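This is what each chain is made of:
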Amino acid sequence: MEDAVVLLSGGMDSVVSLALARCTAIPQVALTFNYGQQAADNEVFAAQRICSYYNIKHEIIDLPWLGRIDTSSLQSRREIPQLEVTDLDKDDRIKDTGTAVWVPNRNGVFLNIAACYAESINAAYIIAGFNKEEAETFPDNSEHFVDSINRALFFSTKSHVNVLAPTLNLRKIEIAAAGFRLGIPWKYLWSCYEGGKKMCGRCESCQRLRRAVREAEIDAPILFER
Ligand SMILES: [Zn+2]
């Protein structure tokens, strides 16, 4: 099996992608990015524990320049939109919250940095946790995006590094079910946009996780603030 570099935010999609990818690649190092997001410390802590669990090297990549761009409520002290679970099915509401938390070209930057690492250690793959549900709001979660970036990486890396996104065509409920089947360490996850002591339970990311776990009818020990 070939080696891989993992993008690990510490959220469910990234952890399930890591667990799934272990069937086809050997994850050597996981990268967690600090771009001034409110949950940076929580994500780093979660990713460190997950890397210990899977026995993978962990690297924190600081992107202070991306933090200074500060157009997203993820990064600034602006309020992160809170919603009800029923809002997840309202297109206008989701479009607004998606705009509020959008960081310019974030996944494009992350994948290109991961490609530098991958090429430097002769890793064939980058593992990224995208999903079908959020691709509807965020085009940088979509199959078109992954295909396009793979075409670009064919030219920008000598070793033709390839992005693998094993959850790309799965909805969150399917990802939660896969996570349960694979026995991921639920108690270490951090999916929340906020940087509190517990996951807030009210931001879009928390609500999607909460709905997925509930609808998948799995016993996942995840604690929310409310
Ligand atoms: Zn939250």
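Everything here concerns the structure above.
Let me sum up the structure you'll find in this document. (Residues numbered from 1 in each chain as written. Predicted model: local features only at pLDDT ≥ 70, side-chain atom pairs only at ≥ 80, totals over all residues.)

Things to note about the nonpolar core
Within the largest apolar cluster, 62 residues are counted, with the highest numbers of intra-cluster contacts made by Ala 4, Val 6, Leu 7, Ala 114, Ile 126 and Ile 127. A per-element tally of this core places helix α1 (residues 12-21) first, with seven residues. Setting aside its immediate chain neighbours within four residues, Val 6 contacts Leu 18, Pro 27, Ala 30, Ile 56 and Ile 127. (Core = buried A, V, L, I, M, F, W, Y, C linked by C-beta atoms within 7 Å. Buried ≥ 20, exposed ≤ 12 C-beta atoms within 10 Å, placed from the backbone. Helix = DSSP H or I, 4+ residues; strand = E, 2+ residues; numbered from the N terminus. Contact = placed C-beta atoms within 7 Å.)

Regarding the pairing of strand β2 (residues 25-34)
Looking at chain direction, strand β1 (residues 2-7) and β2 are connected through six bridges and run parallel. Across the sheet, residue Val 6 finds its bridge partner in β2, namely Ala 30. Assessed by its sense of winding, the connection that carries the chain from β1 through α1 to β2 is right-handed. Inspection of the sheet shows β2 paired to strand β3 (residues 57-62) by six bridges, in the parallel sense. (Pairing = 2+ DSSP bridges. Right-handed = clockwise from strand over helix to strand, strands pointing away.)

Considerations on unusual backbone geometry
A positive phi angle is found at Asn 105, which is not glycine, with a value near 55°. Tracing the chain through its elements places Asn 105 in the loop between α4 (91-101) and α5 (106-120). Although it is not a glycine, Glu 217 sits at a positive phi angle of roughly 55°. Within the secondary structure, Glu 217 is located in the segment after α9 (204-216). You can call Glu 217 exposed: it has 10 C-beta atoms within 10 Å.

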